[in-house]
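Residues per chain, in single letters:
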Amino acid sequence: MSKAGWVALVTVLLSSCVIGNVQTFDQESRKRPHIVFIMVDDMGWNDVGFHGTNQIVTPNIDALAYDGIILNRHYSAPMCTPSRAALMTGRNPINIGMQHYVIDSDEPWGLGLDQRIMPEYFREAGYGTHLIGKWHLGFFAEQYIPTSRGFDTHVGYLGPYVDYWSYVSKMNSGTFEGYDMRQNRFVNYAANGTYATDYFTMVAKDIIGQHGKSGEPMLLVLNHLAPHAANDDDPLQAPQETIDRFAYIRNDDRRKYAAIMSKLDDSVGAVYDSLKANHMLDNSIIVFLSDNGGVTRGMHSNTGSNYPLRGQKHSPWEGAVRTAALIWSPLLKDTQRVSNQWFHISDWLPTLASAAGITVGNSSFSDIDGIDQWEALAYGTGNPRQKLMNNLDEIFGYTSYMENGFKYVNGTTLNGANDQWYGQADPLDTLPGDDQYLSAVMSTGIARAANLDEKVISYLRRHAKVDCGNEITSKECNPLVKPCLFDIINDPCEMHDISGEYPRKMRQIRDHVEYYRLRSIRPRNRPHDPEANPTKFGGVWTWWRTDPTRQGKQDHEIPPPSHSLSKDTQLFEKAGCCEYAERDSYGCVCGW
């Protein structure tokens, strides 16, 4: 063969290799699963049917749970901003300075720009990345908004909550109010007048349709406003015709809440149907969960019920941190079950990345705190996580920590105002029966497609329901007086303090908590800034600083920790030993 012939042959072969590689990459990218992550806001443990209640029927959510995996030990931080920061970064809030309270819209702080977050990993892997609904991780400078942080698109609001119809947000902290609704960087006035749950669902269906046509893998994070309370002057909002369907609930506010949940359930069914209509369902992963527990009483109460769990949002108890959650996917090999493996919200980044073939790392040398639990979920193999740091807040002065089934609570919030058991159904309400409940679930398209069996549903529902056993508290504990210890597996409602029975375990856990505390990052919080006033920007909430590093006149660090605990029950570390300490066979341990 002549030299020219060899050159031609090599050129053809190289071209074939390049084309082959492109085709292979394209095929691989098409194989990556579509991720649909649905997070709802301030929903109670007892507000979904799959946990046993008949008060609020959620047939689409429940059918998805029964055909997938009910995550019965899913844990989160006890408030919005910390939990969303953990989800996006795969890190515990105490390690990124996001552990204390939430970001009000007029506060100049946010999730650190040094943190790499979920959409950045997925976009780098060829995914289209989309956020719908709530952000709540800072927007005082444009560098902090979703489309500056890895999301290709964002349709939603930047702050903590809005009106369900008008998208106006009024801050409790002051007199500021403004319109908060975005289409990427721009103000979105088109949404005004459309019920938020319906609008966000419509946007989700449009995005799903676009990916159905393009074949590009999709990361869709749908952060609903529902069922969070709107502004204080009109907190619970839903279409009247939906509210009327719950006439059997005597409490007017709870009836409205049920309607909000019903619209949310319709949304989940619509998203499922859209994935199916666009031939994406067989290669999709759907996650549904609440960011934290419900709010039965107090500020931003939505009547959410965590019953029979103890406490509510903004507390160290199970009602704040143990959240309703499920995962559904044809890619899961062991489904239609209740999982009792420990799962933390920070685990979702490495878990979903693993399902998508994306490496984020979760070794001891990584800055990811979350654990990849995809294999354990997909095949039902083991329980990779044994420790859960729900939160450690030195400003409010409390710790909520789990280790090998022992729950440690030290301190609390609001002097114990949220420490009881709330949200039990009104015994005079005439609730739907189990037959009506089963009929509602079985009538959904999800149940029909999965060929769900009524006996399987009843079995799963029974095993997902929390049973508190003896409902008389025999060993009470006030965490403002001393730390409490609970056997959370056998005492899920935190009724019986066993700290006196396990003194060595208490000392070991205190040492572990102190290890976390000493390595935590100072909270990033900053006080309110009058320059954020929406009247300066045409009545719209928007970023008000061009340089995120510039200090404003009002800026100063948050005050030093002010414990709600008495001084002799706090941890004070000194070189070599604690200021308050005792010794046993293990040497120096921090005492109380």
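Residues numbered from 1 in each chain as written. Predicted model: local features only at pLDDT ≥ 70, side-chain atom pairs only at ≥ 80, totals over all residues. Heavy atoms only, no water.

**Some points on the nonpolar core**
Nonpolar side chains tend to gather and get buried jointly when the protein is soluble and globular.
So, step 1. Within the largest apolar cluster, 130 residues are counted, with the highest numbers of intra-cluster contacts made by Phe122, Phe200, Ile327 and Trp348.
So, step 2. When residues of this core are assigned to their parent elements, the largest contribution, ten residues, is made by helix α7 (residues 252–277).
So, step 3. Once residues lying within four places of it in the same chain are set aside, the contact partners of Phe122 are Ile35, Tyr127, Thr129, Leu219, Leu349, Leu352, Ala353, Ala356 and Ile358.
So, step 4. Ala320, Leu388, Val409 and Ile488 belong to the second largest nonpolar core, which has twelve residues in total. (Core = buried A, V, L, I, M, F, W, Y, C linked by side-chain atoms within 4.5 Å. Buried < 20%, exposed > 50% of the residue type's maximum accessible area, 1.4 Å probe, protein only. Helix = DSSP H or I, 4+ residues; strand = E, 2+ residues; numbered from the N terminus. Contact = heavy atoms within 4.5 Å.)

**Topic: the packing of helix α11 (residues 434–442) against helix α13 (residues 454–464)**
Helix-helix packing is characterised by the crossing angle of the two axes and by the distance between the axes.
So, step 1. Contact geometry for α11 and α13: axes closest at 11 Å, N-to-C directions at 115°. Of the possible angle classes, the one that applies to α11 and α13 is roughly perpendicular. Once α11 is placed against α13, the crossing between them reads as right-handed. Judged by residue contacts, Asp434, Tyr437, Leu438, Val441 and Met442 of α11 engage Glu454, Ile457, Ser458 and Arg461 from α13. (Axes fitted to C-alpha atoms, helices over the stretch in contact; angles between N-to-C directions. Parallel < 35°, antiparallel > 145°, perpendicular 65-115°, else oblique. Left-handed = near helix turned anticlockwise from the far one by under 90°.)

**What about the sheet that holds strand β5 (residues 153–156)?**
Picture the strands of a sheet paired through backbone hydrogen bonds; they go either parallel or antiparallel.
So, step 1. Here we have ten strands laid out as an open sheet, ordered β9-β8-β5-β4-β10-β1-β11-β12-β2-β13, and mixed in their pairing. Lying at the two open borders of the sheet, with one neighbouring strand each, are β9 (186–187) and β13 (337–339). (Pairing = 2+ DSSP bridges.)

**Remarks on the state of the cysteines**
So, step 1. One pass over the full model with this rule turns up two disulfides.
So, step 2. Shown here is the disulfide that connects Cys468 with Cys493, its sulfur atoms set 1.7 Å apart. One end of the pair, Cys468, is in the loop between α13 and β18 (484–487); the other, Cys493, is in the loop between β18 and α14 (503–518), and 25 residues separate them in sequence.
So, step 3. When its relative accessible area of 9% is taken as the criterion, Cys468 is described as buried.
So, step 4. Look at Cys493 and you get buried, because its relative accessible area is 0%.
So, step 5. A sulfur-sulfur distance of 2.0 Å marks the disulfide that ties Cys477 to Cys484. Its torsion about the S-S bond being -90°, the disulfide of Cys477 and Cys484 is classed as left-handed.
So, step 6. Overall, the relative accessible area of 0% leaves Cys484 in the buried class. (Disulfide = S-S within 2.5 Å.)

**Quick look at unusual backbone geometry**
So, step 1. A cis amide bond links Ala226 to the next residue, Pro227, at an omega of -5°.
So, step 2. Considering the arrangement of structural elements, one finds Pro227 in the loop between β10 (218–223) and α6 (240–244).
So, step 3. The linkage connecting Tyr307 with the following residue, Pro308, adopts the cis geometry, with an omega of 10°.
So, step 4. By the secondary structure assignment, Pro308 is in the loop between β11 (284–290) and α8 (318–321).
So, step 5. The phi dihedral of Tyr101 is positive, around 60°, even though this residue is not glycine.
So, step 6. Checked against the element boundaries, Tyr101 lands in the loop between α3 (80–89) and α4 (118–124).
So, step 7. In this structure Tyr101 comes out as partly exposed when scored by relative accessible area, which is 22%.
So, step 8. Even without a glycine there, the phi angle at Asn184 is positive, about 60°.

**Thoughts on empty space enclosed by the protein**
So, step 1. Under the criterion given, the structure shown has three cavities of 30 Å³ or more.
So, step 2. Estimated volume of the second largest cavity: approximately 40 Å³.
So, step 3. Forming the boundary of the second largest cavity are Arg84, Leu87, Met88, Leu131, Trp135, Leu137 and Asn223.
So, step 4. In terms of residue count, the dominant contributor to the lining of the second largest cavity is α3 (three residues).
So, step 5. In terms of residue class, the lining of the second largest cavity is built from five nonpolar, one polar and one charged. (1 Å grid on protein atoms, 1.4 Å probe; cavity = no way out; pocket = protein on both sides within 12 Å on 5 of 7 lines; lining within 4 Å. Points joined across faces, edges and corners; volume = space filled by probe spheres on them. Nonpolar A, V, L, I, M, F, W, Y, C, P; charged D, E, K, R; others polar.)

**Focus: the packing of aromatic side chains**
Between two aromatic rings, the relevant description is the distance of the centres plus the angle of the planes.
So, step 1. Enumeration according to the criterion identifies 20 aromatic pairs in this entry.
So, step 2. An angle of 25° between the planes, with centres 6.3 Å apart, marks the rings of Tyr157 and Phe200 as stacked. Of this pair, Tyr157 sits in the loop between β5 and β6 (168–170) while Phe200 sits in helix α5 (residues 196–214), and the two are 43 residues apart along the sequence. Here the two residues Tyr157 and Phe200 agree in accessibility, since each one is buried.
So, step 3. Taken together, Phe139, Phe140, Tyr144 and Trp544 form an aromatic cluster joined through their ring pairs.
So, step 4. Note that Arg73 overlies the ring of Trp342, its terminal NZ or CZ placed 4.8 Å from the centroid.
So, step 5. The lysine or arginine in question, Arg461, covers the ring of Tyr437, its NZ or CZ lying 3.6 Å from the ring centre. (Phe/Tyr/Trp six-rings, centres within 6.5 Å; stacked < 30°, edge-to-face > 60°. Lys NZ or Arg CZ within 6 Å of the ring centre and 35° of its normal.)

**Quick look at the confidence of the model for the protein**
So, step 1. Taken residue by residue, the protein gives an average pLDDT of 88. The fraction at 70 or more is 86%.
So, step 2. Within the model, the stretch residues 1–30 combines pLDDT values under 50 with five contacts to residues more than four positions away or in other chains.
So, step 3. Across residues 560–592, where pLDDT falls below 50, the model places 75 contacts with residues more than four positions away in sequence or in other chains. (pLDDT = per-residue confidence, 0-100.)

**Quick notes on the pattern of salt bridges**
So, step 1. On inspection of all chains with the given rule, the structure shows 24 salt bridges.
So, step 2. As a salt-bridge pair, Arg91 and Asp369 come within 3.9 Å of each other at their nearest N and O atoms. Taken together, the residues Arg91 in the loop between α3 and α4 and Asp369 in the loop between α9 (348–355) and α10 (374–379) connect sequence positions 278 residues apart.
So, step 3. For Asp369, a relative accessible area of 30% corresponds to the partly exposed category.
So, step 4. Put simply, Asp41, Arg84, Lys134 and Asp291 are held in one network by salt bridges that share partners. (Salt bridge = Lys/Arg side-chain N within 4 Å of Asp/Glu carboxyl O.)

**Digging into α3**
So, step 1. Across the ten residues that make up α3, a large majority, ten, are buried.
So, step 2. Restricting attention to buried positions, one finds in α3 the residues Cys80, Thr81, Pro82, Ser83, Arg84, Ala85, Ala86, Leu87, Met88 and Thr89.
So, step 3. Among the structural elements, β1 (34–40), α4, β10 and α9 are those in contact with the buried residues of α3.
So, step 4. The first or second residue beyond α3 is Gly90, which carries a positive phi of 70°.

**Quick look at the side chain of Thr89**
So, step 1. Here Thr89 lies in helix α3.
So, step 2. Overall, Thr89 belongs to the buried group, its relative accessible area being 1%.
So, step 3. In terms of polar contacts, Thr89 uses its side chain to reach the backbone amide nitrogen of Arg91, at 3.1 Å. (Polar contact = N/O pair within 3.5 Å; in protein donor to acceptor, adjacent residues only side chain to side chain.)

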